[in-house]
Amino acid sequence: MILLATGTLFIALGLFAGVTLVVAPFGLVPVELGFTIWLLFPTLTSVGYALAIVSAGVAHIKGLTLMLSCLFLLLALASATGLVLSAAAVMHPVASTLSLWFVLAVAGVLGSIGAASYSRSQGQA
């Protein structure tokens, strides 16, 4: 039970770091992005996921994977939206959009892998 709670909290903190990386270039949060938050986004979500699945039952692992994959894909979609709005000059970033590219790559890959693993049936190799 404690591993599940800790894993869930780590996932939430990692996703918060990811959201911060997405909204900071547009000045929606008054933060300066340092190396630590860039590192915490993938690290906390990965460690949190590992802790959560260790404590979860076999039946719950697929659901947890799908939930986290959906959250990653939403974060990747938000990053892509921010990049498109910035490129179209609809929104003007106050800082570099490099963090948007980072979140798009990390969240897009992790979310896609998780979603693809969920959609496979037991009968496929």
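Please refer to the structure placed before this passage.
Everything in this summary refers to the structure shown in the same document. Remember, predicted model here, so these are calculated numbers, not experimental data.

**Looking at the nonpolar core**
Side chains that are nonpolar tend, in soluble globular proteins, to be buried together.
Okay, step 1: Leu15, Phe41, Phe72, Leu75, Val103 and Ala107 are the most contacted members of the largest nonpolar core, which totals 18 residues.
Okay, step 2: Elements represented by at least two residues in this core include exactly helix 1 (2–23), helix 2 (35–55), helix 3 (58–87) and helix 4 (98–119).
Okay, step 3: The element contributing the most residues to this core is helix 3, with six residues.
Okay, step 4: Excluding anything up to four places from it in sequence, Phe41 contacts Gly14, Ala17, Gly18, Leu21, Phe72, Leu75, Phe102, Val103, Val106 and Ala107.

**Quick word on a nonpolar patch on the surface**
Okay, step 1: A cluster of nonpolar side chains, Met67, Leu71, Leu74 and Leu77, forms an exposed patch at the surface whose accessible area comes to about 380 Å².
Okay, step 2: Mapped onto the elements of the fold, Leu71 is located in helix 3.

**Concerning the side chain of Thr45**
Okay, step 1: Take Thr45: it is sitting in helix 2.
Okay, step 2: Overall, Thr45 belongs to the buried group, its relative accessible area being 1%.
Okay, step 3: Once residues within four sequence positions are removed from consideration, Thr45 is found in contact with Phe10, Ile11, Gly14, Leu15, Leu40, Leu68 and Phe72.

**Overview of unusual backbone geometry**
As a rule of thumb, non-glycine residues mostly have phi less than zero, and peptide bonds are mostly trans rather than cis.
Okay, step 1: Of note, the phi angle at Ala89 is positive, near 60°, even though the residue is not glycine.
Okay, step 2: As for its position among the elements, Ala89 is in the loop between helix 3 and helix 4.
Okay, step 3: Judged by its relative accessible area of 45%, Ala89 falls in the partly exposed class.

**Structural notes on the packing of helix 1 against helix 3**
Packed helix pairs are specified by the crossing angle of their axes together with the interaxial distance, meaning the distance between the axes.
Okay, step 1: Viewed as axis vectors pointing N to C, helix 1 and helix 3 meet at an angle of 10°, and their least axial separation amounts to 10 Å. Regarding the angle of helix 1 to helix 3, the classification is roughly parallel. Residues Ile11, Leu15, Gly18, Val19 and Val22 of helix 1 form the contact with helix 3, whose participating residues are Leu68, Leu71, Phe72, Leu75, Ala78 and Ser79.
Okay, step 2: Class assignment for the residues of the contact of helix 1 with helix 3 results in nine nonpolar, two polar and no charged.

**Some remarks on the packing of aromatic side chains**
Okay, step 1: All chains considered together, the criterion is met by three aromatic pairs.
Okay, step 2: Geometrically, the ring pair formed by Trp38 and Phe102 is tilted, given 5.1 Å between the ring centres and 40° between the ring planes. Within this pair, whereas Trp38 is found in helix 2, its partner Phe102 is found in helix 4, the two being separated by 64 residues in sequence.
Okay, step 3: Trp38 gets classed as partly exposed once you look at its relative accessible area, which sits at 21%.
Okay, step 4: On the basis of relative accessible area, Phe102 is assigned to the partly exposed category, the value being 24%.
Okay, step 5: Judged by centre distance (6.2 Å) and plane angle (75°), the rings of Phe41 and Phe72 are edge-to-face. Of the two residues, Phe41 is situated in helix 2 and Phe72 in helix 3; the sequence distance between them amounts to 31 residues.
Okay, step 6: Residue classification places Phe41 among the buried positions, given a relative accessible area of 0%.
Okay, step 7: In this structure Phe72 comes out as buried when scored by relative accessible area, which is 5%.
Okay, step 8: Following the ring pairs from residue to residue traces out a cluster consisting of Trp38, Phe41, Phe72 and Phe102.

Analysis parameters
- Residues numbered from 1 in each chain as written.
- Predicted model: local features only at pLDDT ≥ 70, side-chain atom pairs only at ≥ 80, totals over all residues.
- Heavy atoms only, no water.
- Core = buried A, V, L, I, M, F, W, Y, C linked by side-chain atoms within 4.5 Å.
- Buried < 20%, exposed > 50% of the residue type's maximum accessible area, 1.4 Å probe, protein only.
- Helix = DSSP H or I, 4+ residues; strand = E, 2+ residues; numbered from the N terminus.
- Contact = heavy atoms within 4.5 Å.
- Patch = residues over 30% accessible without salt bridge, like charges linked within 9 Å, V, L, I, M, F, W, Y side chains within 5 Å.
- Areas by Shrake-Rupley, 256 points an atom, 1.4 Å probe, with all protein chains shown as cover.
- Salt bridge = Lys/Arg side-chain N within 4 Å of Asp/Glu carboxyl O.
- Axes fitted to C-alpha atoms, helices over the stretch in contact; angles between N-to-C directions.
- Parallel < 35°, antiparallel > 145°, perpendicular 65-115°, else oblique.
- Nonpolar A, V, L, I, M, F, W, Y, C, P; charged D, E, K, R; others polar.
- Phe/Tyr/Trp six-rings, centres within 6.5 Å; stacked < 30°, edge-to-face > 60°.

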